[in-house]
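Examination of the molecular architecture
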Amino acid sequence: MKKNMITGSKLWSIAMITSLLAACSSPATTSTTANAATSTTGTTKTVSVSEQTSVKYADLVSLDADDTNISWNEADSTAIKLNGTTATVTGSGAKAANGSVTITEAGTYVLSGELTDGQIVVNVANKGTVHLVLNGATIHDNDSAAIYIQKAGKAVITLEKGTKNTVSDGKTYVYADATTDEPDAAIFSKTDLTFNGAGQLTVTGNYNEGITSKDDLKIISGNISVKAADDGIKGKDMVAIQAGTITIQAEGDGIKSTNDTDTTKGYVAIAGGTFDIQSGNDGIQAETALVTDGGTYNIVTAGGSANAPAKVEEGPFGGGGWGGGTPPTDMGTPPDGEPPADMPEMPTNSGTNAGANTNGATSSSANTTATTNTDTDTNADADTAATATESTSAKALKAGTDLTVNGGTYTIDSMDDSLHSNNNVTVNDGTFNIESGDDGIHADQELTINGGTITIAKSYEGLEGAIITLNDGDVDVTASDDGVNAAGGETETTANTAASTDSATTATDATTTSNISVTETTGTTSTTDQTSQGTDANQQGRGPGGMGAASNNEFHINGGTLTVNAGGDGLDSNGSITMTGGTVIVNGPTDNGNGALDYDGTFEISGGYLVAAGSSGMAQGTSDASTQNTIVMTFPATQKAGTLVHLQDSEGNNILTFAPAKDYQTVVVSSPDLAKDGSYVIYSGGTSTGKAVDGLYTDRTYSGGTQVVAFQSTSNVTWVNESGVTTANSGMVGPGGGRGQGGFGGGRNRTQSGTTSDSTGTTDSAK
């Protein structure tokens, strides 16, 4: 559904995408990737890449011998035995005094025992590597970091196999003066920090953060559990995780990188591991790029989607508009036409988000950190609601530049977007089970899906981006508003004017050189001339919901499967839609203020299979410029959910047997089997053998239905009602895509019944 939106500027710098990951950038004048779409409006040229470069963990992360070294022996190491408020040092390089141990030389140090109120300090002037082995150690400091690495070339903490280790701090820190604010984590390092080993580590950051590195933070292996008053695990320049089992309970972000001054840093890269993250703010957040190659993820942010603020849409003239008010909660029967399961409802809780946290530090020094993660994301959610007050960012996976998922299994329940990037999102593979209080997957610029299995069981909008491309994969979307929304360049309107600011600018004609080795995917290129939008003969009228000229937004469907169950528009593009392959099934809205298909430019289809059922008031078909034929059928009255609609040709061959998940009045079908001058019959009701997949029956026998109309198609987009071929209804005249309602009443409603079978090609019905 198109809203009353306020145009805003994109202020986010995407230097990371032009310097670090140039091959992934969008737009760019040079592209060797598959299925590129070129849009031109006036003198502004934008090149959109529909198959992004695949960036992987190995492209961003390199390990040295120290990172993976877990070996030690007594002869070559210094033993530190902890005992209450004292410690005994056996060997060189470390001294114990005043309840703390200070390490001043590079080397290996093996810690065991318990320190009840003291600190392990690393202060090595020669910048060598300090190897700390936690061999059954418990370390607690009441008023500072328990492990404080002030100076060293690198610090490596090994978790000895078979041991349990605990590190914690107090709720209040004591600093030297009011200008000092470090350390601020139970384990705090000013230099590169690496964790490895096969033991267990439990970290409790009572004051602020659990584990922090001011440089690189790497986790090679280990079983690490973190509980923090603010962020769980934080690395400034990078967070790299190769493997391990990581459990985080954080009032702030779960895992994050923070460098916002160097575009080649500030990223999070994950090769694998097992993650259980419960965070008040973002689950995993990268200041620049976020890359995941694999792993198993269970992420809950801000208590989950049930805590999302209620959203209210505005119509094109303000107020509730068509289909306005709280998004519908009745999403109808499942796509297979079975009786409805309990569909998730959009939450109405507009209370304070759980992510707002103020630490317990109360000293007069600068030791109180407000960890409310004020989301300065000017989130380019073109369709975000009028009552949402977003003071925190509570996204599950969030990238400041590019988010790339190459694999893994993700179970996400997020108050905010589940996957979010201020620039591009690319999903190459993976299994996703998503419940989102806002968008399932959101990209300010390009959202590209090249594979994977994505189930968005609950969302406000399922997929959103300025340019969306589906090349492959299996995507199932349930949304209380739009299922797929190609939109961007506008800001959201929220109650109390607390808008978020995740945003991105478009890099135009950028040609740069990357210092990171990446793998490029090459292929063919297709172009779309945006200047031709709105000139299609089928776009003769446009009702409310998209008032104004078409934008550069695009939705490309080149393969894969997409199933949508939407309370708002099913497929929505503020610009155009193209379809060259794949299978798309849309169970659209039941209200007449939205449509199963909604586009402002053109919808050109040249391949694939499309069926879209929904209300009739705002119905659109495909465009006359399409090379594949389409039939748009409008019934004289609303049909009940699960009522079969069957389309066959004059020889009895099945074109469509479909059980929509919700009440419907209009059905759009486009198939390679449809001919421009073919003879067809449409039936309603009846039964089919076999079991439907997402409501669609294939290679089955249909029988017992009531014939609604027999007709001869006259063009590549044929509009039909119960009286026969009709024309697209102009609706409320306005610029943009075509609308049609077909006929309401009138004509004769044929009552013949038929039985057809794909295998026999026969029919018992009169033609």
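Computed from a predicted structure; not experimentally measured.

Broken down by element type, the protein chain carries three helices and 58 strands. Out of the 767 residues belonging to the protein chain, those deemed buried represent 60%. Within the protein chain, contacts between residues at least 6 apart in sequence are counted, and of these 63% link residues at least 24 apart.

Take the nonpolar core next. Formed by 101 residues in total, the largest nonpolar core has its most connected members in I187, F195, I211, I284, L419, L562 and L571. When residues of this core are assigned to their parent elements, the largest contribution, five residues, is made by strand β10 (residues 129-141). In contact with F195, other than residues within four places in its own chain, are I157, I187, L201, I211, L217, K218, I219, I220, S221 and I224.

A separate point is the pattern of salt bridges. Taken as a whole, this structure holds 12 salt bridges when the rule is applied. With a shortest N-O distance of 2.6 Å, D64 and K154 are connected by a salt bridge. On the criterion of sequence distance, the pair formed by D64 in the loop between α2 (57-60) and α3 (65-68) and K154 in strand β12 (residues 154-159) is long-range, its members being 90 residues apart. On the accessibility criterion, D64 (35% relative accessible area) is partly exposed. What makes K154 buried here is its relative accessible area of 9%. Between D67 and K218 there is a salt bridge; the shortest N-O distance is 3.2 Å.

This part is about the confidence of the model for the protein chain. Across the protein chain, pLDDT averages 79, with 69% of residues at or above 70. Every residue in residues 1-52 scores below 50 in pLDDT, and together they form 213 contacts with partners more than four places removed in sequence or on other chains. Within the model, pLDDT remains below 50 along residues 730-767, and this stretch shows 126 contacts once partners closer than five positions in the same chain are excluded.

Now for unusual backbone geometry. With an omega dihedral of 0°, the bond running from E182 to P183 counts as a cis peptide bond. For P183, the location among the structural elements is in the loop between β13 (164-169) and β14 (185-189). Even without glycine at this site, A302 takes up a positive phi of about 50°. Looking at the secondary structure, you find A302 in the loop between β28 (296-301) and β29 (397-399). With a phi angle near 55°, D694 is a residue other than glycine that sits in the positive phi range.

A few words on the packing of aromatic side chains. Scanning the model with the defined rule gives 10 aromatic pairs in all. For the pair F635 and Y664, a centre-to-centre distance of 5.8 Å together with 85° between the ring planes defines the contact as edge-to-face. With F635 in strand β49 (residues 630-639) and Y664 in strand β52 (residues 664-670), this pair connects stretches of sequence that are 29 residues apart. By relative accessible area, F635 is classed as buried at 1%. Put simply, the rings of F275, Y297, Y410 and F432 touch in pairs and so form one group of aromatic residues.

Before going further, it helps to spend a moment on the environment of G575. Topologically, G575 is positioned in the loop between β43 (571-573) and β44 (576-579). For G575, a relative accessible area of 0% translates into the label buried. The spacing of G575 and A487 is 88 residues in sequence and 7.8 Å in space, taken between C-alpha atoms.

As a further point, take the pairing of strand β11 (residues 147-151). Of the pairings in the sheet, the one linking strand β9 (residues 120-123) to β11 comprises four bridges and is parallel in character. Pairing of I120 across the sheet is with I147, part of β11.

Bringing the environment of A596 into the picture now. Among the secondary structure elements, A596 is positioned in the loop between β45 (583-587) and β46 (597-599). Note: C-alpha distance between A596 and A566 (30 residues apart in sequence) is 8.1 Å. In contact with A596, other than residues within four places in its own chain, are G570, L571, V586, G588, P589, A612, A613 and G614.

Take K640: it is sitting in the loop between β49 and β50 (645-649). Considered as a pair, K640 and A659 are 19 residues apart in the sequence and their alpha carbons are 9.7 Å apart. Each residue touching K640, except ones within four places of it in the same chain, is listed here: D663 and Y664.

Attention now moves to the side chain of K398. Secondary-structure assignment places K398 in strand β29. A polar contact is formed between the side chain of K398 and the side chain of S393, at a distance of 3.1 Å.

In this section: the pairing of strand β41 (residues 554-557). Side-chain alternation along β41 places E554 and H556 on one buried face and F555 and I557 on a second face that is also buried. Pairing of β41 with β44 involves four bridges; the strand directions are parallel. Pairing of E554 across the sheet is with S576, part of β44.

Mapped onto the elements, Q628 comes out in the loop between β48 (609-614) and β49. You can call Q628 buried: its relative accessible area is 5%. Of the polar contacts made by the side chain of Q628, one reaches the backbone oxygen of G608; its length is 2.9 Å. In terms of polar contacts, Q628 uses its side chain to reach the side chain of S670, at 3.0 Å. Excluding anything up to four places from it in sequence, Q628 contacts I605, S606, G607, G608, S670, S671, P672 and N716.

Here is what the cut-offs are and how they apply
- Residues numbered from 1 in each chain as written.
- Predicted model: local features only at pLDDT ≥ 70, side-chain atom pairs only at ≥ 80, totals over all residues.
- Heavy atoms only, no water.
- Helix = DSSP H or I, 4+ residues; strand = E, 2+ residues; numbered from the N terminus.
- Buried < 20%, exposed > 50% of the residue type's maximum accessible area, 1.4 Å probe, protein only.
- Contact = heavy atoms within 4.5 Å.
- Core = buried A, V, L, I, M, F, W, Y, C linked by side-chain atoms within 4.5 Å.
- Salt bridge = Lys/Arg side-chain N within 4 Å of Asp/Glu carboxyl O.
- pLDDT = per-residue confidence, 0-100.
- Phe/Tyr/Trp six-rings, centres within 6.5 Å; stacked < 30°, edge-to-face > 60°.
- Pairing = 2+ DSSP bridges.
- Polar contact = N/O pair within 3.5 Å; in protein donor to acceptor, adjacent residues only side chain to side chain.

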